[in-house]
Amino acid sequence: MKKSILLHFILLLLFNFSCSKKKEQNSTTNTKDEINTYVAKVMKLHNIPGLALAVIKDDEIVYENYFGISSLEKNKTVDENTLFRIFSATKLITSTAIFQLIQNEKLSLEDKISKYIDGLPKQWQEVKVKNLLSHSSGLPDIIRYKSTLTDEELMEKLFNDKMDFATGNQFRYNQTNYWLLAKIIEKTTGMSFEDYTLQNQFDNPTNGVLFSSNSQGVIPNRATRYFYNEKTTKFEKDTNNSGKRGHSGNGLNITLKKFIEWNKKLDDNILLSNEMKSEMWKPFNFTNQKDVFLHGWSSIKVNRLNSYGFSGGNLAAFRKFIDSNTTIILLSNGYEIPAYDIIINDIARISIPELKAKKLTKEEDIMRFVIHRQFNEAIQSFKKLKKENPNSDFDNLNWNINSIGNSYVYTKNNIEKALDVFKFNAKVNSNWWVSKASLAEVYEMKKDSLKAIENYNKAILLNIDNQWNYNKQMKNKIAELKRK
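Residues numbered from 1 in each chain as written. Predicted model: local features only at pLDDT ≥ 70, side-chain atom pairs only at ≥ 80, totals over all residues. Heavy atoms only, no water.

Our next topic: the pairing of strand S9 (residues 298-302). Consecutive side chains along a regular strand alternate between the two faces of the sheet. Sheet topology places S9 next to strand S10 (residues 305-312); five bridges connect them, and they run antiparallel. From the neighbouring strand, Val302 faces S10, where its bridge partner is Leu305. Hairpin connection between S9 and S10: a loop of two residues separates the two successive antiparallel strands, and Asn303 in this loop has a positive phi of roughly 50°. (Pairing = 2+ DSSP bridges. Helix = DSSP H or I, 4+ residues; strand = E, 2+ residues; numbered from the N terminus.)

All told, the structure shown has 32 salt bridges when counted by the stated rule. A salt bridge links Lys244 to Glu186, with the shortest nitrogen-to-oxygen separation between them at 3.9 Å. Linking Lys244 in the loop between strand S7 (234-237) and helix H7 (247-250) with Glu186 in helix H5 (residues 175-189), this pair joins segments that are 58 residues apart in sequence. A salt bridge links Asp420 to Arg373; its shortest N-O distance comes to 2.3 Å. In this pair, Asp420 is assigned in helix H15 (residues 415-428) and Arg373 in the loop between helix H12 (363-371) and helix H13 (375-388), connecting sequence segments 47 residues apart. Here the residues in one salt-bridge network are Arg144, Asp161, Asp164 and Arg172, joined through shared partners. (Salt bridge = Lys/Arg side-chain N within 4 Å of Asp/Glu carboxyl O.)

Take the packing of aromatic side chains next. For the coordinates displayed, the defined rule picks out 21 aromatic pairs. Taking 5.0 Å as the distance between ring centres and 20° as the angle between the ring planes, the aromatic pair formed by Phe259 and Phe318 counts as stacked. With Phe259 in helix H8 (residues 256-267) and Phe318 in strand S11 (residues 316-321), the pair connects residues that are 59 residues apart, well separated along the chain. On the accessibility criterion, Phe259 (1% relative accessible area) is buried. Taking the centre distance of 5.3 Å and the plane angle of 35° together, the rings of Trp281 and Tyr308 count as tilted. Taken as a pair, Trp281 in the loop between helix H9 (274-280) and S9 and Tyr308 in strand S10 lie far apart in primary sequence, 27 residues in all. Here the two residues Trp281 and Tyr308 agree in accessibility, since each one is buried. Seen from the ring of Tyr178, Lys91 lies directly overhead, with NZ or CZ sitting 5.7 Å from the centre. (Phe/Tyr/Trp six-rings, centres within 6.5 Å; stacked < 30°, edge-to-face > 60°. Buried < 20%, exposed > 50% of the residue type's maximum accessible area, 1.4 Å probe, protein only. Lys NZ or Arg CZ within 6 Å of the ring centre and 35° of its normal.)

Turning next to the sheet that holds strand S1 (residues 50-57). Ordered by their spatial adjacency, seven strands build an open sheet running S3-S2-S1-S12-S11-S10-S9, and the pairing between neighbours is antiparallel. The open sheet has two free edges, formed respectively by strand S3 (76-77) and S9, since each of these has just one partner strand. Taken together, the five bridges between S11 and strand S12 (residues 326-332) define a ladder with antiparallel strand orientation. Paired with Phe318 across the strands is Ile329, a residue of S12.

Our next topic: the environment of Met280. Within the secondary structure, Met280 is located in helix H9. Classification of Met280 by relative accessible area gives buried; the value is 0%. If near-sequence neighbours (up to four positions away) are discounted, Met280 is found in contact with Ser95, Thr96, Phe99, Leu272, Leu294, His295 and Trp297. (Contact = heavy atoms within 4.5 Å.)

All right, on to the sheet that holds strand S5 (residues 209-211) then. Sheet architecture is open: three strands sit in the order S4-S8-S5, paired in antiparallel fashion. Where the open sheet ends on each side, the last strands, each with one partner, are strand S4 (84-85) and S5. The pairing of S5 with strand S8 (residues 252-254) spans three bridges and is classified as antiparallel. Among the inter-strand pairings, Val209 is bridged to a residue of S8, identified as Ile254.

Let us now look at the side chain of Ser435. Tracing the sequence through the fold places Ser435 in helix H16 (residues 433-445). Among the polar contacts listed, one links the side chain of Ser435 to the backbone oxygen of Trp432, at a separation of 2.7 Å. The contact partners of Ser435, leaving out residues within four places of it in the chain, are Asn425, Ala426 and Asn429. (Polar contact = N/O pair within 3.5 Å; in protein donor to acceptor, adjacent residues only side chain to side chain.)

Right, here's the structure in full:
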């Protein structure tokens, strides 16, 4: 009798386990199908030539797929051997390299950069390694100058330039910071930045990963980076070449497989210890007490779930949702309308169980409503999105919507359509100065001086930090409109 009860109990356990396993497999299959459907719609709506996407959860690849074309000229499809330029997402790799040296006690966040770089001007003396990582240095940006300058010529120009702001005060994205980090790595290790990084972060670094900031270079299996020409309605090859100086800031080329491997090494504490990762992901203490940035990584909330990562070129993005042990990697090679961070956020809503169960608003739905001029639906969806994400500002979504309006203005020559888009953006983002400035510009084009002046004034009041020094330009426009 006891044996019969025990046997029955074991069979019941096996049955429940089998059902649970089958339910889990069905859920995974449904998620994969949902992601496939979502990506297909996004690629069509945004006109993305090629894309590779992976979702890793609990150390398991739950999704990996390849879409579209890597080379339009050769009609070559994207596959697991396709290399993508990840542009500024490279900074995640450079940041990791710096923290590897910190972990090995070769340098410190508090080290002044003058310890590693000779001949710095007086105004650079207080800049520390942590300021370069967090874009709080205040140094002048190398993108102001011709890429054909030698390192010595460029340094001389930078030394004679003024600081943009007091070191540590604020965040301002700056390519000089990561060029100097590469120099510090080279000074500390006696190796080239490229050799040190590849040898210390990648297995078999001669396959599936390399550094090149030259989009014109011929590299086997590399996806061509494209720009969309609105006037010709055709894709054109990117011709950008920022040379070796760009390697630490935008130069990594990598396959999705290799990026997945890198992520596993990061998760398994092979690249960095938990302590070092925590230090890397600690918010920098900006003096203005407003800006939020980590040490080479940004912090982005998706429906109250925090994530760390970075994106590059409006094409690639890497994001870690630490609390749910989920990583999402997106690689692509072009677009008509940018969508990279929107895709990452929505993939998180589809693939992370605690988010998926809530059937949350997707940012891509709002883009689709705006593109199809369904503004009432877009407004309702945006309200719902903001309610679900009270701590998010949706910078990327707002900019992407703004880019739709700009495309109508500058390439499609359709002011009325642009006006509708900018009205929508100004309504749902009433505290964002750019939405008011964009609306003012369209009213100016329409010769409606009163509404143009009204919105320029609103933009000036909202642009408290005088971003891009644009307030002076808007004041000049107001004065000019008043004279007419």
